Amino acid sequence: MSLFDHVLSLGDNALILGQQLSALTGHGPVLEEDIATANIALDLVGEARLWLSLAGEIEGAGRSEDDLAFLRDEIDFRNVLLVEQPNGDFADTMARQFLFDAWHEALLAALCASADPRIAGIAGKCRKEALYHLSHSAGWVIRLGDGTAFSHDRMQQAVRNLWPYTGELFEADAGGTALIGANAGDIRPLWRQRVADTLARAALEVPADRWMQGGGRRGIHSEHMGRLLAEMQHIPRSHPGARW
Amino acid sequence: MSLFDHVLSLGDNALILGQQLSALTGHGPVLEEDIATANIALDLVGEARLWLSLAGEIEGAGRSEDDLAFLRDEIDFRNVLLVEQPNGDFADTMARQFLFDAWHEALLAALCASADPRIAGIAGKCRKEALYHLSHSAGWVIRLGDGTAFSHDRMQQAVRNLWPYTGELFEADAGGTALIGANAGDIRPLWRQRVADTLARAALEVPADRWMQGGGRRGIHSEHMGRLLAEMQHIPRSHPGARW
Amino acid sequence: EGDERRFQDRIDAGIRVEPEDWMPESYRRTLVRQISQHAHSEVVGMLPEGNWITRAPSLLRKATLLAKVQDEGGHGLYLYAAAETLGVSRDDLIDALHAGKAKYSSIFNYPTLTWADIGAIGWLVDGAAIINQIPLCRCSYGPYGRAMVRVCKEESFHQRQGYDIMTRLAQGSEAQRRMAQDALNRWWWPAVMMFGPPDGESVHSAQSAAWRIKLHSNDDLRQRFIDQTVPQAELIGLTIPDADLRWNEERGHYDIGPIDWEEFYSVVRGDGPCNRERLAARKSAWDRGAWVRDAAAAHAAKHAGEQK
Amino acid sequence: EGDERRFQDRIDAGIRVEPEDWMPESYRRTLVRQISQHAHSEVVGMLPEGNWITRAPSLLRKATLLAKVQDEGGHGLYLYAAAETLGVSRDDLIDALHAGKAKYSSIFNYPTLTWADIGAIGWLVDGAAIINQIPLCRCSYGPYGRAMVRVCKEESFHQRQGYDIMTRLAQGSEAQRRMAQDALNRWWWPAVMMFGPPDGESVHSAQSAAWRIKLHSNDDLRQRFIDQTVPQAELIGLTIPDADLRWNEERGHYDIGPIDWEEFYSVVRGDGPCNRERLAARKSAWDRGAWVRDAAAAHAAKHAGEQK
């Protein structure tokens with residue numbers, strides 16, 4: 001994976017998860033949560049803009065953040081499958097968010113040590129937001145896991161359903177290690193520790209590792225991705241060259 | 001409304017309803033119904049192709065059926081709002097279908113007398129299919145209306161919710177009357193009679209006429225339309241000039 | 001009797017009413033109705049704009065729209081909190097909304113059909129809202145007035161963003177220009193009607209004026225909106241959809257054509273294009289969220305000891 | 001004992017077994033399993049292709065795909081009917097599918113990600129299915145054999161349509177060519193695995209062969225598929241994703257590289273990319289349809305007198 005692909009992957013993760021959360025604003029269980037969802041989506045779209053702009057700069061072919069977001073085909077998206085899994089109900093949304101946040105914050109922390117000052121700069125800026133996201137989603141995992149019998153079962157099922165998409169977060173490759181620097185090895189144990197601690201507080205079981213799904217980082221996505229892109233890209237694709 | 005717009009409107013009604021039914025294949029309540037849904041969708045897409053091709057011919061600007069289906073903006077679609085209402089559950093789907101079919105067949109029958117042999121030809125071909133669609137959807141309105149208490153209430157609610165979209169079917173305009181010929185006046189009474197008879201057999205009430213929604217034929221659609229078009233048009237919009 | 005007079009005297013003297021002060025029951029009821037209707041409007045108003053977040057045509061516009069919808073949720077929060085100072089609970093207010101007993105602004109019963117609608121809502125709907133709301137910053141009830149100060153500051157930012165969207169479209173491709181004009185065509189009259197019925201037909205007005213919770217007449221505010229907006233449309237080359245619109249030199253105001261109040265009342269009655277969808281979306285969100293709220297409450301109860 | 005011998009003798013003599021004939025219980029059970037698995041595959045197989053009907057890139061392709069999915073539903077019907085001649089009910093078979101007790105072809109647990117996947121499924125998956133199914137037209141159980149005759153005729157039409165889609169893409173724009181190659185890359189090995197495990201590891205084979213319900217070995221059928229498909233890929237300029245693929249002059253067949261059976265078994269076990277979604281979609285359709293089926297039954301019961 002090239003540096004371009006790596007930075008794209010960082011941008012695409014934020015973009016796709018931000019896009020998914022965008023669909024939820026106004027439909028949450030309580031007004032405070034609608035506000036939080038919009039806020040987190042906004043952070044993620046903001047992060048996506050930074051990474052995609054940097055990716056365009058690295059590529060040097062004159063592609064803007066919008067060109068990369070709206071005019072790329074599915075096979076060229078580099079996000080992990082986890083972020084494209086459907087919103088489902090609130091437990092599904094929060095399980096997805098927590099499993100992502102616990103990794104995202106750790107990754108950004110490691111990237112703060114990147115030798116590339118542009119990468120370190122973006123990571124430093126976004127890490128603070130990611131920490132808030134993590135505390136928010138972990139809070140809901142705990143409240144739902146350790147809430148009613150119904151919410152406990154829903155949250156356990158959601159974590160179980162999403163577990164096969166967590167392996168891909170840690171797919172190692174040479175480019176990645178070089179990019180991230182010496183702390184790359186710390187991410188997985190930190191993530192495991194966070195997940196174990198939070199699920200324990202939530203009275204939930206950590207699912208057993210089985211066959212892990214992968215492919216997103218190579219452009220092989222799930223059936224959810226195509227419809228998400230159709231909706232996201234329709235207007236720019238329909239008005240080539242237009243400025244908005 | 002020009003002849004072009006009229007023929008477009010005939011094509012767009014069939015296209016959008018066919019598109020909606022397309023999303024249901026494989027998700028019906030029983031296998032026979034999945035087959036029937038695919039079959040009706042196929043008829044409607046086939047009808048859409050005929051009208052849109054004719055519209056392109058009338059326009060004379062070299063636009064093909066696919067150009068008209070995939071490269072037009074929402075505001076240029078001429079379908080009635082009824083066909084773009086969401087699939088909902090099976091009662092919603094069937095109520096929409098029945099209210100449409102009862103009109104569609106009557107309209108095609110009138111169009112068989114059109115002075116334009118191209119219009120009369122398409123109407124003649126599609127009328128037979130529309131008669132089958134009507135008998136199928138009316139059968140379900142009756143079965144659900146006169147089925148269980150639950151299905152009765154669902155069907156009554158579905159008919160009530162869709163009723164405000166039936167007024168637009170009969171929006172008269174000069175071009176339309178000229179196009180259709182002398183029988184245009186018969187369509188509305190025939191539709192009312194069919195609806196009254198079927199709802200009576202279904203033990204359902206005919207809703208009172210209140211404020212009727214309109215605008216579809218002038219390109220003012222509902223919020224459902226944009227997402228439908230995004231999904232339908234995404235691939236052709238993403239590959240300008242490609243042949244498939 | 002004496003309480004009522006003293007209450008009115010204080011209002012006339014420009015002294016603000018605070019939650020702990022005595023107030024007439026009808027003042028309280030009127031304010032609860034007005035503030036909760038305003039709060040509901042913010043929350044329901046998230047839906048038509050939320051409809052376009054996933055389809056915003058650039059990442060910057062997506063981010064800006066997200067921030068705007070977030071702000072609207074925030075306004076809902078302030079306003080529910082202001083209403084709660086009058087002794088009602090947010091849950092009861094929400095129940096009244098879902099039961100169809102409480103109203104929200106009819107403008108949100110119109111659909112958002114293109115990206116230009118997001119521009120038109122910011123420019124016209126937020127523009128009209130600001131004109132309605134700026135006087136309320138000085139209204140007699142303290143918590144409401146203070147909430148409105150925050151709200152107005154953000155609304156004015158939203159209004160500028162909306163106008164910016166419209167400007168960009170109006171200067172864009174032919175398809176974009178058409179999109180902008182179409183949105184103006186559809187939103188103009190509903191925005192003009194946001195100020196409510198003509199002064200002659202408006203109820204509650206005299207008492208509300210005396211209580212300083214309604215400081216200008218509907219028609220005055222409407223005129224202010226028209227006078228402000230018409231030149232903005234001209235500036236970017238869009239046409240207000242009103243053949244009778246013209247500058248009245250004598251009055252120093254624009255005259256407009258007749259307003260179709262039949263449409264207005266049909267939307268208020270529940271027959272607008274999206275009344276059913278909007279309420280259904282809110283109820284569905286609330287009902288689907290019930291188990292989440294229950295779980296949060298159960299969790300809080302279990303751990304109440306620890307947190308003290 | 002004597003029944004069993006007479007049964008086998010008739011089969012050996014090429015006489016077909018009909019529903020009213022005596023048959024060993026294990027023959028019946030084996031056929032029920034095989035036919036219902038085949039019926040389930042048709043029905044589950046509607047999902048990955050149905051996923052692209054709404055996004056088909058031309059109206060003609062949309063119509064053709066609708067017709068294809070409709071045919072698959074029809075195949076499901078014939079096959080459930082054939083299974084029912086063996087004394088089981090369709091509802092019981094469907095319950096077994098939903099309970100995870102009955103299988104369907106693992107190939108449908110892969111996602112359809114681009115329009116080219118619709119081409120690849122027609123070309124490769126239907127192509128493989130035909131090779132599997134043509135011998136079954138001559139199988140010992142009459143109703144199954146006759147159903148397969150109808151099925152094979154339609155499948156062969158679908159296979160040609162699929163290859164036509166791929167041909168068009170392979171000759172299209174750079175993006176279309178890439179789409180076609182990507183689909184071939186993803187579907188090739190799953191299609192090769194559709195013939196089941198290598199002969200050495202295949203269970204049930206010997207008995208099924210004697211009963212004439214399995215007429216060729218897995219590896220023979222797989223070889224036939226490869227020999228047929230490789231030149232088709234070459235003809236349209238696509239590359240089979242197998243570095244070890246080469247023509248073996250001596251055998252008169254293509255040799256292929258090692259098959260990743262670990263992946264195959266993981267998908268069979270339930271860990272494929274879409275196992276959970278496919279079963280959930282079927283169950284959800286069935287559960288959401290319960291009140292519809294109940295209503296139809298209630299209506300039929302009410303009007304049973306009239307209809308006679």
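All residue numbers refer to positions counted from 1 along the written sequence of the respective chain. Starting at A for chains and at 1 for ligands, labels are handed out in the order in which the entities are written. The predicted origin of the model limits local features to residues at a pLDDT of at least 70 and limits the giving and counting of side-chain atom pairs to 80 or more, whereas totals for whole chains, interfaces and linings rest on all residues. Only hydrogens and water are removed before side-chain values are computed, so all heavy atoms of the structure are retained for them.

Per an unreviewed UniProt entry, chain A goes by the name Phenylacetate-CoA oxygenase subunit PaaI and belongs to Zavarzinia aquatilis.

**Some points on the overall build of chain C**
Quick reminder of the rule: Every helix listed is a DSSP run of H or I at least four residues long, and every strand listed is a run of E at least two residues long, numbered separately from the N terminus. Restricting the calculation to C-alpha atoms gives the radius of gyration, and the globule rule supplies 2.2 Å times the number of residues raised to the power 0.38. For each residue, the accessible area found with a 1.4 Å probe, counting protein chains only, is set against the maximum for its type, and the residue is called buried under 20%, exposed over 50%, and partly exposed in between. Contacts were defined at the residue level, with two residues in contact if any of their heavy atoms lie within 4.5 Å. Computed with a 1.4 Å probe, the accessible areas rest on the Shrake-Rupley method; for each residue, only the protein chains presented here act as cover.
Per the secondary structure count, chain C includes 13 helices and two strands. In terms of overall dimensions, chain C is globule-like: its C-alpha atoms have a radius of gyration of 21 Å, near the 19 Å expected for 308 residues. A principal-axis box enclosing the C-alpha atoms of chain C has dimensions of 65 × 50 × 30 Å. Residues counted as buried form 56% of the 308 residues belonging to chain C. Summarising the internal contacts of chain C: among those between residues at least 6 apart in sequence, 77% fall at separations of at least 24. For chain C, the accessible area works out to roughly 13000 Å², and carbon and sulfur atoms hold 52% of it.

**Regarding the overall build of chain A**
A count of helices and strands for chain A gives ten helices and zero strands. Ordered by position from the N terminus, the helices and strands of chain A form the series α-α-α-α-α-α-α-α-α-α. For 244 residues, the compact-globule estimate of 2.2 N^0.38 gives 18 Å, and the C-alpha radius of gyration of chain A, at 17 Å, lies within 12% of that figure. Along the first, second and third principal axes, the C-alpha set of chain A runs to 55 × 40 × 30 Å. When burial is assessed residue by residue, chain A has 63% of its 244 residues classed as buried. In chain A, the proportion of contacts linking residues at least 24 apart, taken out of those at least 6 apart, comes to 80%.

**Topic: the packing of aromatic side chains**
Our working rule: A pair of aromatic rings is counted whenever rings of Phe, Tyr or Trp (Trp by its six-membered ring) have centres within 6.5 Å, and the orientation is called stacked for planes under 30 degrees apart, edge-to-face for over 60 and tilted otherwise.
Per the counting criterion, the structure on display carries 30 aromatic pairs over all chains. Both rings, one in F7 of chain D and one in W22 of chain D, keep their centres 6.1 Å apart while their planes meet at 80 degrees; by these two values the pair is edge-to-face. Placement of F7 of chain D in helix α1 (residues 2-12) and of W22 of chain D in the loop between α1 and α2 (25-50) is noted, with a sequence separation of 15 residues between them. A relative accessible area of 41% means that W22 of chain D is categorised as partly exposed. By way of ring pairs, the aromatic residues F7, W22, Y27 and W211 of chain C are connected into one cluster.

**A short note on unusual backbone geometry**
For residues other than glycine, phi is negative in most cases, and the peptide bonds are mostly trans. With a phi angle near 60 degrees, A203 of chain A is a residue other than glycine that sits in the positive phi range. You can see A203 of chain A is positioned in the loop between α9 (184-201) and α10 (223-238).

**Concerning the environment of V80 of chain A**
Residues and elements named next belong to chain A. Position of V80 relative to the elements: it lies in the loop between α3 (65-70) and α4 (81-84). Classification of V80 as buried rests on a relative accessible area of 0%. Residues in contact with V80, not counting those within four places in the same chain, are N13, E168, L169 and R217.

**Quick notes on the interface of chain D and chain A**
For the record, the criterion: The term buried area denotes the loss of accessible surface (1.4 Å probe radius) that occurs when two parts are joined, taken as the sum for both partners. For salt bridges, the criterion is a side-chain nitrogen of Lys or Arg within 4 Å of an Asp or Glu carboxyl oxygen. Pairs of N or O atoms are called polar contacts if they sit within 3.5 Å, as long as, within protein, a hydrogen donor faces a hydrogen acceptor (for residues adjacent in sequence, only side-chain-to-side-chain pairs). Think of it as three bins: nonpolar holds Ala, Val, Leu, Ile, Met, Phe, Trp, Tyr, Cys and Pro, charged holds Asp, Glu, Lys and Arg, and polar takes everything else, Gly as well.
In this complex, chain D contributes 23 residues to the contact, which on the side of chain A involves 17 residues. Here chain D packs against chain A, burying approximately 1600 Å² in sum over the two surfaces, 41% of which is carbon and sulfur. When residues of chain D are sorted by the area they lose upon contact with chain A, L113, R178 and D271 of chain D head the list and together hold 34% of the total. At the junction of chain D and chain A, the tally comes to three salt bridges. With a closest N to O distance of 2.7 Å, R178 of chain D and D76 of chain A form a salt bridge. Along the contact surface separating chain D from chain A lie nine residue pairs in polar contact (both at pLDDT 80 or more). Secondary-structure elements contributing two or more residues to the side of chain D that touches chain A are α7 (174-193), α10 (261-271) and α11 (275-288) of chain D. Sort the elements by how many residues they give to the side of chain D that touches chain A and α10 of chain D lands first, with five residues. Across the side of chain D that touches chain A, the residue classes tally to seven nonpolar, five polar and eleven charged.

**As for the interface of chain A and chain C**
Contacts between chain A and chain C engage 46 residues on the former and 47 residues on the latter. Across the chain A/chain C interface, buried area totals approximately 4000 Å², and carbon plus sulfur atoms make up 67% of it. With its nearest N and O atoms 3.9 Å apart, the salt bridge here joins R282 of chain C to D34 of chain A. Mapped onto the side of chain A that touches chain C, the elements with two or more residues apiece are α1 (3-22), α2 (31-59), α3, α5 (90-111), α6 (117-145), α7 (149-162) and α10 of chain A. The greatest single-element share of the side of chain A that touches chain C, amounting to eleven residues, is contributed by α2 of chain A. Partitioning the side of chain A that touches chain C into residue classes produces 24 nonpolar, eleven polar and eleven charged.

**Structural notes on the environment of D197 of chain B**
Mapped onto the secondary structure, D197 of chain B falls in helix α9 (residues 184-201). In this structure, the C-alpha to C-alpha distance between D197 of chain B and A138 of chain B, residues 59 residues apart in sequence, is 9.9 Å.

**A short note on the pattern of salt bridges**
All names here are of chain C. The full count for this structure, using the stated rule, is 66 salt bridges over all chains. Among the salt bridges present, the one from R222 reaches D219, with a minimum N-O distance of 2.8 Å. One end of the pair is R222 and the other is D219, both in helix α9 (residues 218-235) and three residues apart, which spans about a single turn. What you see here is one network of salt bridges that share partners, running through E49, K68, E72 and D126.

**Here we look at the environment of Q176 of chain C**
In this fold, Q176 of chain C is placed in helix α7 (residues 174-193). Considering only alpha carbons, one finds Q176 of chain C and C152 of chain C, 24 residues apart in sequence, at a separation of 30 Å. Once you skip the residues sitting within four places of it in the chain, Q176 of chain C turns out to touch A242, R243 and W244 of chain A together with L169 of chain C.

**Points about the packing of α2 of chain D against helix α3 (residues 59-84) of chain D**
All names here are of chain D. The cut-off we apply is this: All axes are obtained by fitting lines to C-alpha atoms, using only the stretch in contact for helices, and the reported angles, taken between N-to-C directions, cover 0 to 180 degrees. Small angles under 35 degrees read as roughly parallel and large ones over 145 as roughly antiparallel, with 65 to 115 read as roughly perpendicular and the rest as oblique. Crossings are classed by handedness, with left-handed meaning an anticlockwise turn of the near helix from the far one by less than a right angle and right-handed meaning a clockwise turn.
For the pair α2 and α3, interaxial distance at closest approach is 8 Å and the crossing angle is 165 degrees. Here α2 is positioned roughly antiparallel relative to α3, judged by the angle of their axes. In the packing of α2 onto α3, the handedness of the crossing is left-handed. Contacts between α2 and α3 pair I35, H38, A39, H40, E42, V43, G45, M46, E49 and G50 from the former with L65, K68, V69, E72, G73, H75, G76, L79, Y80, A82 and A83 from the latter. In the contact of α2 with α3, the residues fall into ten nonpolar, seven polar and four charged.

**Focus on the side chain of D126 of chain C**
Tracing the backbone through its elements, the reader meets D126 of chain C in helix α5 (residues 115-133). Engagement of the side chain of D126 of chain C in a polar contact is seen with the side chain of K68 of chain C, the distance being 2.5 Å.

**Some remarks on α9 of chain C**
The α-helix winds at 3.6 residues per turn, so residues separated by three or four positions along the chain end up facing the same way. Worth spelling out the cut-off: To estimate the expected span of a helix, count its residues, drop one, and scale the result by 1.5 Å.
Taking 1.5 Å per residue as the helical rise, α9 of chain C with its 18 residues ought to reach 26 Å, and the 26 Å between its terminal C-alpha atoms agrees with that figure. At the exit of α9 of chain C stands G237 of chain C, carrying a positive phi of roughly 80 degrees.

**Re the side chain of D92 of chain B**
Residues and elements named next belong to chain B. When you line up the elements, D92 lands in helix α5 (residues 90-111). You can call D92 buried: its relative accessible area is 17%. At 3.0 Å, the side chain of D92 forms a polar contact with the backbone nitrogen of D89. Those residues in contact with D92 that sit more than four places away from it in its chain are N87, R154, A158 and L162.

**Regarding the nonpolar core**
Spelled out, the test is: Only buried residues count toward a nonpolar core, which is a set of Ala, Val, Leu, Ile, Met, Phe, Trp, Tyr and Cys residues joined through side-chain atoms within 4.5 Å.
By size, the foremost hydrophobic cluster in this structure holds 167 residues, and its most contacted members are Y27, W115, Y141, W188 and F225 of chain D. With 14 residues, the top contributor of residues to this core is α5 of chain B. Discounting residues that sit within four places of it in the chain, W188 of chain D has contacts with L124, F225, I226, T229, V230, I240 and P241 of chain D. In terms of nonpolar packing, the next biggest core, distinct from the first, is built from 165 residues, L21 of chain A together with L93, L124 and A295 of chain C among them.

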